Amino acid sequence: MTTVDHTGDWGRKLGLAVRLRRQERRLTLTRLAEMVGVSKSYLSEIETGRRSSPPSEQVLHDLESMLQLAGEPLLTLARGVRTPGPVREELSSRRAAVARLKAVLVARGNDLDALRETGELDQLVADLDPSGGPAGGGGNTQPAALGQRVPLIKKAQAFLPQEFKDLGLPRGFADEYISCGDVSDPDAFAARIVGDSMSPAYGEGDVVVFSPLKPVRNGSDCFARLEPDHESTFKRVYFEAGSNGGELVRLQPLNDRYPARTVERERVAGLFAAARVIREIG
């Protein structure tokens, strides 16, 4: 129930922000939809808060650009919704711990030595990281600054899409990480391939690293997220024109035993280009 209420609140806030800014810039619903490249009915659902899930990051980015909204307010709202409830609660708890630490420091005149002597500092630090660090004694949460280590998400089905919930997590939250020295994108992630629809270029068990910063071009191998069910799949993508003038995305397997799938561009919530492949020898 909490998730439903949160999503509804998000929908109302985002819809109101888009509608007020559109009216402020004296744009019709039809005109803004044309500028962003979505249908009028789709944009209307966003403005009225009727969407059950956030639009794709590309659509939100285009809306911010066309409406000249600075600071990514729409993307920030959407990312908050996609963050699982337990993670939001953990972040809220840590923010509260930071506030307590600041308040105590001010009250003690920023005297760290005094805080150490009384044991208050150790307790405040433990509140910030109850599952790990020197005071906590363990835990598998990685530090926020991951350097050249990227999170390994749940396995990526190479043919049949599956639900994918890991994108949108705050940086530093994952159960497993891999070293990837030649990918500098701080938001890069990796997935292990299951299935053979992308063979022979990619085999089952290969780990593919995806970089949101890498440009997606015609013929790029991409991790794709699809609406409305947050499906995900790994395919080679081609951009095509539909019969009604709308843009289509063809998801093409490399193994000719599997058929291609073509979807409307509006259904594509995200495309993340492959940056490198890691495979075992033997």
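Our structure's up above, just so we're on the same page.
### Some thoughts on the pattern of salt bridges
Taken as a whole, this structure holds nine salt bridges when the rule is applied. In this structure, Glu34 and Arg31 form a salt bridge, with 3.6 Å as the shortest nitrogen-oxygen distance. Separated by three residues within a single helix, Glu34 and Arg31 lie in helix 2 (residues 29-36), roughly one turn from each other. Classification of Glu34 by relative accessible area gives exposed; the value is 54%.

### Focus: the environment of Ala78
Within the secondary structure, Ala78 is located in helix 5 (residues 73-82). On the basis of relative accessibility, which here comes to 0%, the residue Ala78 falls in the buried class.

### A few points about the environment of Ile178
Assignment of secondary structure puts Ile178 in strand 4 (residues 177-179). Judged by its relative accessible area of 14%, Ile178 is buried. Along the primary structure Ile178 and Leu152 are separated by 26 residues, whereas in three dimensions their C-alpha atoms are 6.6 Å apart.

### Section: helix 4 (residues 57-66)
For helix 4, every residue scored as buried is listed here: Val59, Leu60, Leu63 and Glu64. All buried residues of helix 4 lie within an arc of 135° about the axis, which places them on one face of the element. Where helix 4 terminates, the next one or two residues include Gln68, which has phi positive at roughly 55°.

Reading the values: rules and limits
Residues numbered from 1 in each chain as written. Predicted model: local features only at pLDDT ≥ 70, side-chain atom pairs only at ≥ 80, totals over all residues. Heavy atoms only, no water. Salt bridge = Lys/Arg side-chain N within 4 Å of Asp/Glu carboxyl O. Helix = DSSP H or I, 4+ residues; strand = E, 2+ residues; numbered from the N terminus. Buried < 20%, exposed > 50% of the residue type's maximum accessible area, 1.4 Å probe, protein only. Arc of directions from axis to C-beta.

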